[in-house]
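Examining the three-dimensional arrangement
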Amino acid sequence: MTAPPVPTLTASTALYWQEAAAGRFVLPRCRACGRFHHHPRRWCPYCWGTDLAWEQPSGRGTVLTYTVVHQPPSPAFAVPYVLAVIELSEGPRMMANVVDCSPEDVEVGTPVEVTFEPRGELAIPQFRPIGSTR
Amino acid sequence: MSSRALDGRPAIAAVEELRPGRYPDEDAAGMPELVLRRFLEGAHVGPDDVDGLLVCPAGMAAGRGADIFVHERLNDALGIRPRFCETINVGGATYTIMASRAALAIGAGLADAVLCVGAGKFPKVGRGGADAMARMISHPDFEYPYGSFIPALYALAATRHMAERGTPRDALAAVAVCSRDWALRHPDALMRDAGPLTTEMVLDSRPIAWPFNLLDCSVPCEGGAAFLVTRGERARELTGQPAYLLGFGEFHDHGNISHASNFATMGAGVSARAAFDMAGVSPSDVDLAELYDAFTINPILLLEETGLVEPGKGGQFFLDGRGAPGGDLPVNTYGGLLSFGHTGDASGMSMLIEAARQVMGEAKDRQLDAEIALVHTYGGMMADHSTVLLGRAP
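What comes next concerns the included structure. By convention here, each chain's residues receive numbers from 1 onward along its written sequence. Labels are handed out in written order, letters beginning with A for the chains and numbers beginning with 1 for the ligands. Residues qualify for local features only when their pLDDT is at least 70, as the model is predicted, and side-chain atom pairs are given and counted only at 80 or more; totals for whole chains, interfaces and linings, by contrast, use all residues. The side-chain values count all of the structure's non-hydrogen atoms but skip hydrogen atoms and water molecules.

**Things to note about the packing of aromatic side chains**
Note the cut-off: Stacked, tilted and edge-to-face pairs are distinguished by plane angle, under 30 degrees for stacked and over 60 for edge-to-face with tilted covering the rest, among Phe, Tyr and Trp rings (Trp via its six-membered ring) whose centres lie within 6.5 Å. Think of it in three bands: with a 1.4 Å probe and only protein chains considered, a residue is buried below 20% of the maximum accessible area for its type, exposed above 50%, and partly exposed in between. Runs of E in the DSSP output that reach at least two residues are strands. Runs of H or I that reach at least four are helices, and both are numbered from the N terminus.
Scanning all chains against the criterion turns up 12 aromatic pairs over all chains. Here the aromatic rings of A:Phe77 and A:Tyr81 are separated by 5.8 Å at their centres, their planes lie at 35°, and the arrangement is tilted. Each member of the pair A:Phe77 and A:Tyr81 is classed as buried. Between B:Tyr292 and B:Tyr378, the aromatic rings sit 4.5 Å apart at their centres with planes inclined by 55°, giving tilted as the arrangement. Here B:Tyr378 lies in strand S10 (residues 372-379) and B:Tyr292 lies in the loop between strand S9 (288-291) and helix H10 (297-305), a separation of 86 residues in the sequence. Here B:Tyr292 matches B:Tyr378 in class, with each residue buried.

Structure below.
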């Protein structure tokens with residue numbers, strides 16, 4: 001079994017992954033327009049402001065859309081798994097797996113909250129249905 | 001409405017396509033030469049008839065790095081010294097966008113006749129190919145670690161479309177059935193000998209990524225095609241009935257699919273509205289549609305976004321057999337990527353070639369009464385949209 005992929009840190013994203021490894025979900029927020037964005041980059045994609053600060057959003061959102069994967073692209077991924085795009089309460093969208101639940105429990109609109117999955121020395125943000133008891 | 005007719009009345013004057021399949025003796029550099037050999041055998045043009053060349057990069061879908069200087073190699077191979085020439089890539093939208101670039105160049109006096117070439121290899125998905133393509137089309141850090149890969153990313157559009165517009169799962173299967181029915185009428189279609197499909201066969205095939213089963217996915221293969229765009233006057237000398245470029249439009253939405261503006265539409269409507277506006281015609285004037293169909297959700301979504309059916313009615317359109325042979329708006333009349341074959345880097349060629357053949361009256365056993373044909377392609381994960389309208393009259 002191949003190990004699942006580990007993100008590569010870049011100048012713009014290192015803090016995102018290092019904070020995730022410490023169990024904190026952080027995103028860049030534009031000081032000019034006040035909006036969070038994902039993924040982290042060198043400027044705000046909404047107003048092109050370049051004065052950014054790292055802050056913690058609520059970590060909550062909803063499933064914008066999803067799929068249940070039955071045939072993985074490589075043996076590194078155990079099936080079935082839920083691949084989803086999460087719309088965060090603050091607006092930005094991001095890809096993640098919906099974990100700690102059965103794939104049948106996931107629908108468009110399911111409320112979710114952030115959790116973390118260790119990957120190598122790091123961790124990647126994942127989401128689980130709010131109220132999941134697993 | 002009055003048409004804003006393009007300067008020079010650019011038209012497609014000749015098309016030739018390789019039979020989709022596997023070409024194990026050809027590497028990525030050899031494929032465009034194979035396509036050109038086919039074109040030279042079929043189209044009666046010589047080096048003096050061409051002063052523009054557009055070609056796709058070689059080897060991209062194989063995931064081993066693309067050659068972006070193919071135009072230079074083909075100039076030498078063809079013995080031409082064009083006035084307008086480049087290697088261009090917009091993924092699956094490359095070829096309809098080549099047609100628009102050629103038309104613009106002709107209109108601006110940069111060229112009189114532009115040869116457009118596409119050729120593709122496709123890795124075998126079962127031998128690490130799926131993973132190689134997943135790395136290429138996903139964000140390496142914010143998507144790939146979550147197990148993203150091509151069918152799953154399109155499934156994100158399907159699930160959202162189903163939830164937002166009530167598209168039933170059966171309708172996706174009906175798209176595959178429709179395409180197979182057309183493939184049975186095309187001598188070169190990869191799945192022609194596999195015989196007809198039923199909805200049940202699609203629903204019973206192996207699950208890949210909900211809602212897609214194996215038969216909701218296009219068939220990987222290799223191939224390519226070439227076409228010549230010239231001034232209308234010259235096109236009429238080369239062929240009895242050219243396919244005039246009435247209008248075209250494009251729109252570029254996201255880079256990675258996580259940033260798609262809208263998963264139920266993927267931004268596809270903008271390019272169609274621009275094309276209709278340029279052509280001065282409306283969706284009700286369209287006689288047939290060729291819609292890029294890597295997966296079964298695509299023709300449903302694209303029919304709605306191009307305005308050919310109302311939002312939310314795309315699924316029912318296929319359940320009612322309206323796109324199939326005998327239907328009122330034939331869709332993917334060559335079998336689509338689903339049943340004709342998905343020729344890797346060259347995939348976006350097949351639907352443009354078929355639309356041109358239908359308009360030019362060269363579609364043989366599947367010939368329809370096609371005054372105006374719509375072609376919609378996209379590149380990336382439904383990111384770069386391109387719509388072209390072809391017609392019999394300039």
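**Brief notes about the nonpolar core**
For clarity, the threshold we go by: What we call a nonpolar core is a set of buried Ala, Val, Leu, Ile, Met, Phe, Trp, Tyr and Cys residues that are connected through their side-chain atoms within 4.5 Å.
In this structure, A:Ile86, B:Ile12, B:Phe227, B:Leu389 and B:Leu390 are the most contacted members of the largest nonpolar core, which totals 140 residues. Examining the composition of this core, we find that nine residues originate from one element, helix H5 (residues 150-165) of chain B, more than from any other. B:Leu36, B:Leu53, B:Ala226 and B:Leu228 belong to the second largest nonpolar core, which has 22 residues in total.

**Focus: H10(B)**
All names here are of chain B. The element H10 is largely enclosed, with a buried count of nine among its nine residues. For H10, every residue scored as buried is listed here: Ile297, Asn298, Pro299, Ile300, Leu301, Leu302, Leu303, Glu304 and Glu305. Of the residues one or two after H10, glycine 307 is the one with positive phi, at around 85°.

**Focus: the interface of chain B and chain A**
We apply this condition: Throughout, a contact is declared for two residues whenever any of their heavy atoms are within 4.5 Å. What counts as buried area is the accessible surface, traced by a 1.4 Å probe, that two parts surrender upon association, with contributions from both included. Put simply, a salt bridge is a Lys or Arg side-chain nitrogen that is within 4 Å of an Asp or Glu carboxyl oxygen. Identification of polar contacts relies on pairs of N or O atoms within 3.5 Å, with a donor-acceptor requirement for protein atoms, meaning one able to donate a hydrogen and the other able to accept it, and with residues adjacent in sequence counted only if both atoms are side-chain atoms. For this scheme, ten residues count as nonpolar: Ala, Val, Leu, Ile, Met, Phe, Trp, Tyr, Cys and Pro. Four count as charged, namely Asp, Glu, Lys and Arg, and the remainder, Gly too, count as polar.
Contacts between the two partners involve 32 residues from chain B, matched on the other side by 35 residues from chain A. Buried surface at the junction of chain B and chain A, summed over both partners, amounts to about 2800 Å²; 64% is from carbon and sulfur atoms. The tally of links between chain B and chain A comes to zero salt bridges. Linking chain B with chain A are 16 residue pairs in polar contact (both at pLDDT 80 or more). Elements with a minimum of two residues in the side of chain B that touches chain A: helix H4 (125-137), H5 and strand S5 (207-209) of chain B. Among the elements that make up the side of chain B that touches chain A, the one with the highest residue count is H5(B) (seven residues). Across the side of chain B that touches chain A, the residue classes tally to 19 nonpolar, eight polar and five charged.

**With respect to the pairing of strand S7 (residues 223-230) of chain B**
Residues and elements named next belong to chain B. Selection criterion: The pairing criterion is simple: DSSP has to find at least two bridges between the two strands.
With eight of eight residues buried, S7 lies mostly within the body of the structure. Taking every second residue as pointing to the same face, both faces of S7 are buried, with Gly223, Ala225, Phe227 and Val229 on one and Gly224, Ala226, Leu228 and Thr230 on the other. Direction of pairing for strand S1 (residues 11-17) relative to S7: antiparallel, over a ladder of six bridges. Bridging from a neighbouring strand, valine 15 pairs with phenylalanine 227 of S7. One ladder, built from eight bridges, connects strand S4 (residues 113-120) with S7; its direction is antiparallel. Following the sheet pairing, alanine 113 is matched in S7 by threonine 230.

**Focus on the state of the cysteines**
Put simply, the rule reads: Count a disulfide wherever a pair of cysteine sulfur atoms falls within 2.5 Å.
Scanning all chains against the criterion turns up zero disulfides over all chains. Note on A:Cys33: no disulfide assigned, nearest cysteine sulfur contributed by A:Cys44 at a separation of 3.7 Å. The exposure class assigned to A:Cys33 is partly exposed, which follows from its relative accessible area of 33%. A disulfide-free cysteine, B:Cys217 has its sulfur positioned 14 Å from the sulfur of B:Cys221, the nearest such atom. Note on B:Cys217: relative accessible area 14%, which makes it buried.

The values reported here are purely geometric and, on their own, carry no functional implication.
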